[in-house]
Amino acid sequence: MLLRWWAVRADTGDDDGSIENSLLTELLGIAIIVFNLVFAFTLKKLEPWAEKKHPYIGMTMRVMYKELMSLGIIALIFTLIEVAVHPSKTVVIAFEYAHIFLFFLAVMNIVAVGATTYTSLRISRRWKKFQNLTTFKYEKDKNEYEALSAKQHSHHNVFWESFFWHGCNLKKLYRFNYLHDEMTFHDLRIQFLHYMDLPPVFNFSKYLRHVKSTIFVELVEIAWYSWLMVLSIFVVDCIRRIFYTSLTYDLAMLIALPWCNFIMCFVIYRKVKHVYWEMTKHPGGRRTHPCSLLWSMY
């Protein structure tokens, strides 16, 4: 900001245009300082809570700081080059597009980390709730789940079992999925206790949350091979532009690449969900009978 202010005064002197530009620069500086103060105060309150309640969120925040700092340094380098070199208008536009791209990456990174953190906290709360179930509550939920499952499989039809059995009652569908997760949790728990020869008082929920925290940090951190993949796409496209330039091709790639990414993620999601369903589609069987779990000890 100071470099731009000095440049304006050097080029235009102390005329009205220079005063207006200087005033605008100072107002922008005030806005940036106020934003930094609010942001720093918020982080000062948030970080101790994160470290105390959910240590892995503290690690996630440090990963996010690193990513945002890298993007900020790159943006600063672009700005210094633009101010010092005084490039042509075409180059300036290219630099501005680069700034927009970096800002978009930073915003998307924050949104992705925030959404993943929220989902992770919801999963942790659900696991804690499952862990603290009493025998009576489990029996009641199991009977309700079996009734809903029997209705779902009352007709051997793919469309009925997938879409129509709940009569477009989304609340019933959500309840069925919740009960399925509850039955699955205790099915996996009793198998884990059996094969690992652990006592019934072992806190399976705490163990899952510890494993999830390790995986969570790996998910939110942008790996080097992700940047390498993006770099390879840019390099290939630059080579293509040297030998062949087409606005139609550019628009087609602009549309095709996001869709390809979406389809790839969707296919992976369906594959993982299918494997999970095949492993847990019949929860709540004899292996998870409450008498064998001794839940009354909790």
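Residues numbered from 1 in each chain as written. Predicted model: local features only at pLDDT ≥ 70, side-chain atom pairs only at ≥ 80, totals over all residues. Heavy atoms only, no water.

### Notes on the overall build of the protein
To keep it simple, the criterion reads: In DSSP terms, a helix is any run of H or I states spanning at least four residues, a strand is any run of E spanning at least two, and both are numbered starting from the N terminus. Accessibility here uses a 1.4 Å probe with only protein chains present; expressed as a share of the type maximum, an area under 20% marks a residue as buried, one over 50% as exposed, and anything in between as partly exposed. Contacts were defined at the residue level, with two residues in contact if any of their heavy atoms lie within 4.5 Å. Residue exposure ignores everything except the shown protein chains as possible cover, and the areas themselves are Shrake-Rupley values with a 1.4 Å probe.
Looking only at helices and strands, the protein features 11 helices and zero strands. Going from the N terminus to the C terminus, the protein shows its helices and strands as α-α-α-α-α-α-α-α-α-α-α. Counting only residues that meet the buried cut, the protein has 26% of its 298 residues in that class. Sequence separation of at least 24 residues holds for 70% of the intrachain contacts in the protein that already meet a minimum separation of 6. Accessible surface, the protein as shown: approximately 21500 Å² in total, 72% of it carbon and sulfur.

### A short note on a nonpolar patch on the surface
To keep it simple, the criterion reads: Patch membership requires more than 30% relative accessible area and the absence of a salt bridge. Residues of like charge join within 9 Å; the nonpolar side chains Val, Leu, Ile, Met, Phe, Trp and Tyr join within 5 Å. Any carboxyl oxygen of Asp or Glu that lies within 4 Å of a side-chain nitrogen of Lys or Arg is treated as forming a salt bridge with it.
Together, Trp-224, Tyr-225, Leu-228, Leu-231, Val-235, Ile-239, Ile-242, Phe-243, Tyr-244 and Tyr-249 line one region of the surface with nonpolar side chains, adding up to about 1200 Å² of accessible area. As for its position among the elements, Tyr-225 is in helix H9 (residues 224-243).

### Considerations on the packing of helix H5 (residues 135-152) against helix H7 (residues 170-195)
What counts here: Whenever a helix is involved, its axis is fitted only over the stretch in contact; in every case the axis is a line through C-alpha atoms, and angles between N-to-C directions fall within 0 to 180 degrees. An angle below 35 degrees is treated as roughly parallel, one above 145 as roughly antiparallel, one from 65 to 115 as roughly perpendicular, and anything else as oblique. In a left-handed crossing the near helix is turned counterclockwise from the far helix by less than a right angle, and in a right-handed crossing that turn is clockwise. The residue classification treats Ala, Val, Leu, Ile, Met, Phe, Trp, Tyr, Cys and Pro as nonpolar and Asp, Glu, Lys and Arg as charged. All others, Gly included, are polar.
Across the interface, H5 lies against H7 with an axial gap of 9 Å and an inter-helix angle of 125°. Taken together, H5 and H7 sit at an angle that is classed as oblique. For the pair H5 and H7, the crossing hand works out as left-handed. Residues Lys-137, Tyr-138, Asp-141, Lys-142, Glu-144, Tyr-145, Leu-148, Ser-149, Lys-151 and Gln-152 of H5 form the contact with H7, whose participating residues are Lys-172, Arg-175, Phe-176, Leu-179, His-180, Glu-182, Met-183 and His-186. Residues that form the contact of H5 with H7 fall into these classes: six nonpolar, four polar and eight charged.

### Focus: the packing of helix H4 (residues 89-131) against helix H8 (residues 204-220)
The relative placement of two packed helices comes down to the angle between their axes together with the axis-to-axis distance. One way to put it is that H4 packs onto H8 with a least axis distance of 10 Å and a crossing angle of 170°. In terms of their interaxial angle, H4 and H8 are classed as roughly antiparallel. Contact residues: H4 offers Asn-109, Val-113, Thr-116, Thr-117, Ser-120, Ile-123, Ser-124, Trp-127, Lys-128 and Gln-131, while H8 offers Phe-204, Ser-205, Leu-208, Arg-209, Lys-212, Phe-216 and Val-220. Across the contact of H4 with H8, the residue classes break down as seven nonpolar, seven polar and three charged.

### Observations concerning H5
The condition that has to hold: A helix is expected to span 1.5 Å multiplied by its residue count minus one. Note: the arc covers the axis-to-C-beta directions of the helix.
Relative to the 26 Å expected for 18 residues at 1.5 Å per residue, H5 spans 25 Å between its end C-alpha atoms, a close match to the ideal helical length. Here H5 has its buried residues at Tyr-138, Asp-141, Lys-142, Tyr-145, Leu-148, Ser-149 and Gln-152. Looking down the long axis of H5, one finds its buried residues gathered within 130° of arc, a one-sided arrangement. Opposite the buried face of H5, by more than 90 degrees, sit the exposed residues Phe-136 and Lys-140.

### Examining the packing of aromatic side chains
We apply this condition: Any two rings among Phe, Tyr and Trp, with Trp reduced to its six-membered ring, count as a pair given centres within 6.5 Å; such a pair is stacked if its planes are under 30 degrees apart, edge-to-face if over 60, and tilted if neither.
The full count for this structure, using the stated rule, is 14 aromatic pairs. Their ring planes at 70° and their centres at 5.1 Å tell us that Trp-165 and Phe-176 sit as a pair that is edge-to-face. Of the two residues, Trp-165 sits in the loop between helix H6 (158-164) and H7 while Phe-176 sits in helix H7, which places them 11 residues apart along the sequence. An identical accessibility class is assigned to Trp-165 and Phe-176; each is buried. Among the aromatic residues, ring-to-ring pairing joins Phe-130, Tyr-178, Phe-185, Phe-192, Phe-202, Phe-204 and Tyr-207 into one connected group.

### A look at the confidence of the model for the protein
Stated precisely, the cut-off is as follows: As a per-residue quantity, pLDDT reports the predictor's confidence and falls between 0 and 100.
Across the protein, the average pLDDT comes to 77, with 84% of residues at or above 70. Throughout residues 1-14 the model reports pLDDT below 50, and contacts reaching past four residues in sequence, or to other chains, amount to 19 contacts. Low pLDDT (under 50) marks residues 286-298, which in the prediction has 34 contacts with non-local residues, meaning those over four places away or in another chain.

### Details of the pattern of salt bridges
Under the counting rule described, the total for this entry stands at eight salt bridges. One salt bridge connects Asp-141 with Arg-175, and the closest N-O pair in it is separated by 3.4 Å. Here Asp-141, found in helix H5, pairs with Arg-175, found in helix H7; they are 34 residues apart in sequence, far enough to count as distant. Residue classification places Asp-141 among the buried positions, given a relative accessible area of 1%. Since its relative accessible area comes to 26%, Arg-175 is described here as partly exposed. Between Glu-144 and Arg-175 there is a salt bridge, with its nearest N and O atoms 3.0 Å apart.

### Observations concerning unusual backbone geometry
Even without a glycine there, the phi angle at Cys-168 is positive, about 60°. If you trace the backbone, Cys-168 turns up in the loop between H6 and H7. The class for Cys-168 is exposed, based on a relative accessible area of 65%. At Asp-197, a residue that is not glycine, the phi angle is positive and equals roughly 55°.

### Quick notes on the side chain of Arg-240
Note the threshold: The definition of a polar contact used here is a pair of N or O atoms within 3.5 Å, where within protein one atom must be able to donate a hydrogen and the other to accept one, and adjacent residues in sequence count solely through side-chain atom pairs.
By secondary structure assignment, the location of Arg-240 is in helix H9. On the accessibility criterion, Arg-240 (14% relative accessible area) is buried. Within polar-contact distance, the side chain of Arg-240 engages the side chain of Asp-250 at 2.7 Å. Setting aside its immediate chain neighbours within four residues, Arg-240 contacts Thr-245, Ser-246, Tyr-249 and Asp-250.

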